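Overview (structure and organization)
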Amino acid sequence: MVLIMKVLLITGLLAEDMVTHYTQKSNVKTKVLALRVPVAALLTPKYIAKETEKLNLHDFDMILVPGLIRGDTSIIEDTTGIPTFKGPRYAADLPTVLDLLSQVKLSKVTPACDLLKDELQRKALQEMHIAEKNRDILLKTPGNMLIRELAIGRDFPMRVMAEIVDAPLLLNDEVQAMARRYVKLGAEIIDIGMVAGESNPSDAKRAVKAVKSVVNVPVSIDTLDLDEARAAVSAGTDILLSADAGNIEDIATFASTVAVVIIPTNHREGYFPKKAEERVSLLEENIRKARKLGITRIIGDLILDPVNVPGIVESLVAFHEFAKRNPDVSLLFGVGNVMELMDADSIGINALLAGIASEIGVNILLTTEKSNKAKGSIRELAIASKMMFLAKKRGSAPKDLGFDLLTLKDKRIREEPYHREIEAEMQIITATEKRKSLLFDPKGCFKIMTDRANDVIVALHFSTSKRHKPTVIIKGKTAEEVYAKIVEMSLVTRLDHAAYLGSELAKAEIALKIGKEYIQDSPLFKSR
């Protein structure tokens, strides 16, 4: 372990106060040196070497320069004789970097914040890998089970089950495309959702086979219809959703070799208990019956209810009470039941429900991406599952884990504060007018769109002479990629047109990243 006694932090004039402020939050001794350049990012290793050459720096054990500067810090180290590395890009990350100096090997070319993020994620993945590596030993623990090649239970991360809703209404190609995409997003089980109130055994068999032919993960069937369930089992389904008091005896005749999700209902008699204690008792009774009938791999589902109607709290109480009384029974948690029936961004709902599920001891998180507002839920739950698994292992809150679900807000504000002093003796212009109508660019115009299937921004160029058909279609992952190509091809000549395109392309990029709709010339966010 390297002992760091004192660190010299080099920055620009404008950032001096902010850097000083953040260094006070660390236990490491530091001194801030602001060189005669306003913006820290404009510093260069050569300039820093020249400015520090004449200083007495023998008291320092290390020099950190801004992570935003370009180039290699070796020239500074060669000049001063003091180990010199790149610090973080932003002053807000300085306390973390300084306090972990003895644990992380810094770089002369890569910003420290990138190294720390990679290191945190590496350690997190390593912890998760250990659980998977010791799978065979952990599977001997009561309550853990193997479904296909996927280990499920208290010693493993919660597994995400993604439902293909109304699969019988989709063509095989559509079902397969969704299955591949869901697995890519983080789903570890693909659920074939059948149409409620109908009996389509041939479609159940077709959908199971279609999914199993393109993804190497367990496949489940979500139906209460016996003919559909039987057909799905014959096609090789790995998990059957769901058995209850009304159909368990029939299901046992053909489903003893697969995992079965059991629920606290009797659909044949139209009985579904509302009270937590009644649900727990009925599920325990149904599980006892299933075991007597030869079903060995059992997963319980107390059925998570939506908020308010009929009410989520009673169902959560049922989950919690059942888990306390039956710690060796794996549990499925229908997150989509709550998220789909709430007009709020999915990312926070999914994170919180995953945390609650982890506390309860849930093993499978079931979700859908049927509605537009639900898009992204599979990825969100996959990340949340990792977060909660690591937090539980470390006995900590789900933060600073190497994974996070911070999308619309930042953990720390890293932007440089605006100082009003800079306005002294300067002309201040307040921009209030909306842009005037654009004059037609001689090189033509653009239609900006998003290709969500391929996650790219699309710019269709129309010339002044052929407005009915685009002359060229430019695609890119980012606004910068697209506008750089537009400029390279000389497809824009007016400054106002260029500014407009930059604004619209940026909106399209943000819309793609966060799942918002993009409509050209319309605001991305509603005015409040």
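Note that this is a predicted model, so its numbers are computed, not measured. (Residues numbered from 1 in each chain as written. Predicted model: local features only at pLDDT ≥ 70, side-chain atom pairs only at ≥ 80, totals over all residues. Heavy atoms only, no water.)

1. Some details on the overall build of the protein
When you go through the protein residue by residue, the secondary structure sums to 17 helices and 17 strands. For the protein, the spread of C-alpha atoms along the three principal axes comes to 85 × 70 × 40 Å. Across the 528 residues in the protein, those meeting the buried criterion constitute 47%. Long-range pairs, those at least 24 residues apart, make up 59% of the contacts in the protein with a sequence separation of at least 6. Accessible area for the protein stands at about 28300 Å²; split by element, carbon and sulfur atoms hold 53% of it. (Helix = DSSP H or I, 4+ residues; strand = E, 2+ residues; numbered from the N terminus. Buried < 20%, exposed > 50% of the residue type's maximum accessible area, 1.4 Å probe, protein only. Contact = heavy atoms within 4.5 Å. Areas by Shrake-Rupley, 256 points an atom, 1.4 Å probe, with all protein chains shown as cover.)

2. Quick notes on the packing of helix 11 (residues 276–292) against helix 12 (residues 312–325)
Viewed as axis vectors pointing N to C, helix 11 and helix 12 meet at an angle of 45°, and their least axial separation amounts to 8 Å. Between helix 11 and helix 12, the angle falls in the class oblique. For the crossing formed where helix 11 meets helix 12, the hand is right-handed. Of the residues in helix 12, those in contact with Ala 276, Glu 277, Arg 279, Val 280, Ser 281, Leu 283, Glu 284 and Ile 287 of helix 11 are Glu 314, Ser 315, Val 317, Ala 318, Glu 321, Phe 322 and Arg 325. Here the residues of the contact of helix 11 with helix 12 sort into seven nonpolar, two polar and six charged. (Axes fitted to C-alpha atoms, helices over the stretch in contact; angles between N-to-C directions. Parallel < 35°, antiparallel > 145°, perpendicular 65-115°, else oblique. Left-handed = near helix turned anticlockwise from the far one by under 90°. Nonpolar A, V, L, I, M, F, W, Y, C, P; charged D, E, K, R; others polar.)

3. Observations regarding the layout of surface pockets
Reported here for the second largest pocket is a volume of approximately 930 Å³. In terms of lining residues, the second largest pocket is bounded by 35 residues, among which Glu 163, Asp 222, Leu 224, Asn 337 and Leu 366 are the most central. Elements with a contribution of two residues or more to the lining of the second largest pocket: strand 10 (239–243), strand 13 (330–334), helix 13 (335–339) and strand 14 (364–368). Residue contributions to the lining of the second largest pocket peak at three residues, all from strand 14. (1 Å grid on protein atoms, 1.4 Å probe; cavity = no way out; pocket = protein on both sides within 12 Å on 5 of 7 lines; lining within 4 Å. Points joined across faces, edges and corners; volume = space filled by probe spheres on them.)

4. Some remarks on helix 12
Counted at 1.5 Å a residue, the expected span for helix 12 with its 14 residues is 20 Å, and the 20 Å between its end C-alpha atoms agrees. Elements in contact with the buried residues of helix 12: helix 11, strand 13, helix 13 and helix 14 (346–360). (Expected span 1.5 Å × (residues − 1).)

5. Concerning the sheet that holds strand 11 (residues 259–262)
The strand order 7-8-9-10-11-12-13-14 describes a closed barrel built from eight strands, whose pairing is parallel. Pairwise comparison of adjacent strand axes, ignoring direction, gives a mean angle of 30° for this sheet. Relative to strand 10, strand 9 (residues 219–222) runs parallel, the two being bridged by three bridges. Note that in strand 10 the partner of Ile 221 across the bridge is Leu 240. (Pairing = 2+ DSSP bridges.)

6. Observations concerning the packing of aromatic side chains
All told, the structure shown has one aromatic pair when counted by the stated rule. Ring geometry for Phe 319 against Phe 333: centres 5.0 Å apart, planes inclined by 70°, an arrangement best described as edge-to-face. On the criterion of sequence distance, the pair formed by Phe 319 in helix 12 and Phe 333 in strand 13 is long-range, its members being 14 residues apart. Here the two residues Phe 319 and Phe 333 agree in accessibility, since each one is buried. (Phe/Tyr/Trp six-rings, centres within 6.5 Å; stacked < 30°, edge-to-face > 60°.)

7. Regarding helix 17 (residues 495–514)
Taking 1.5 Å per residue as the helical rise, helix 17 with its 20 residues ought to reach 28 Å, and the 29 Å between its terminal C-alpha atoms agrees with that figure. Among the residues of helix 17, those classed as buried are His 497, Tyr 500, Leu 501, Glu 504, Leu 505, Lys 507, Ala 508, Glu 509, Ala 511 and Leu 512. As for helix 17, its buried residues are in contact with strand 15 (445–451), strand 16 (456–462) and helix 16 (479–488). One or two residues past the end of helix 17 sits Gly 515, with phi positive at roughly 85°.

8. Quick notes on the environment of Val 214
When you line up the elements, Val 214 lands in the loop between helix 8 (201–212) and strand 9. The exposure class of Val 214 is partly exposed, given its relative accessible area of 28%. Between the C-alpha atoms of Val 214 and Ala 179, which are 35 residues apart in sequence, the distance is 7.8 Å. Not counting residues up to four positions away in its chain, the partners in contact with Val 214 are Gln 176 and Arg 180.

9. Considerations on the side chain of Ser 220
Relative to the elements of secondary structure, Ser 220 occurs in strand 9. Note on Ser 220: relative accessible area 0%, which makes it buried. Once residues lying within four places of it in the same chain are set aside, the contact partners of Ser 220 are Met 161, Ile 189, Ile 190, Asp 191, Ile 192, Thr 237, Ile 239 and Leu 241.

10. A word on the pairing of strand 15
Bridge count for strand 15 against strand 16 is seven bridges, and the pairing is antiparallel. Bridging across to strand 16, Met 449 finds its partner in Val 458. Hairpin connection, strand 15 to strand 16: the antiparallel pair is bridged by four residues, and Asp 455 has positive phi, about 60°.

11. Details of the sheet that holds strand 17 (residues 472–476)
Taken together, the three strands give an open sheet; going across it, the order is 15-16-17, and neighbouring strands pair in antiparallel fashion. In this open sheet, the two strands that pair with only one neighbour each are strand 15 and strand 17. Each strand of the sheet is rotated relative to its neighbour by a mean of 20°, with strand direction disregarded. Across the sheet, helix 16 touches strand 15, strand 16 and strand 17, and the angle it forms with strand 17 is around 145°.

12. Here we look at the pairing of strand 16
Burial analysis of strand 16 places seven of its seven residues in the buried class, which makes it a mostly covered element. Residue alternation in strand 16 divides its side chains into two sets, Val 456, Val 458, Leu 460 and Phe 462 and Ile 457, Ala 459 and His 461, and both sets are buried. Here five bridges tie strand 16 to strand 17, and the two strands are oriented antiparallel to one another. Each residue of the ladder has a partner; that of Ala 459, found in strand 17, is Ile 474.

13. Section: a nonpolar patch on the surface
Where nonpolar side chains cluster on the molecular surface, the patch consists of Leu 14, Val 39 and Leu 42 and spans about 260 Å² of accessible area. Following the sequence through the fold, Leu 14 ends up in the loop between strand 1 (6–11) and helix 1 (16–23). By relative accessible area, which is 40% here, Leu 14 ends up partly exposed. (Patch = residues over 30% accessible without salt bridge, like charges linked within 9 Å, V, L, I, M, F, W, Y side chains within 5 Å. Salt bridge = Lys/Arg side-chain N within 4 Å of Asp/Glu carboxyl O.)

14. Describing the environment of Lys 386
Mapped onto the elements of the fold, Lys 386 is located in helix 15 (residues 377–394). Residue Lys 386 is classed as partly exposed on the basis of its relative accessible area, which comes to 26%. Counting along the chain gives 16 residues from Lys 386 to Gly 402, while the straight-line C-alpha distance between them is 9.6 Å. Other than its neighbours up to four places away in sequence, Lys 386 contacts Met 128 and Phe 403.

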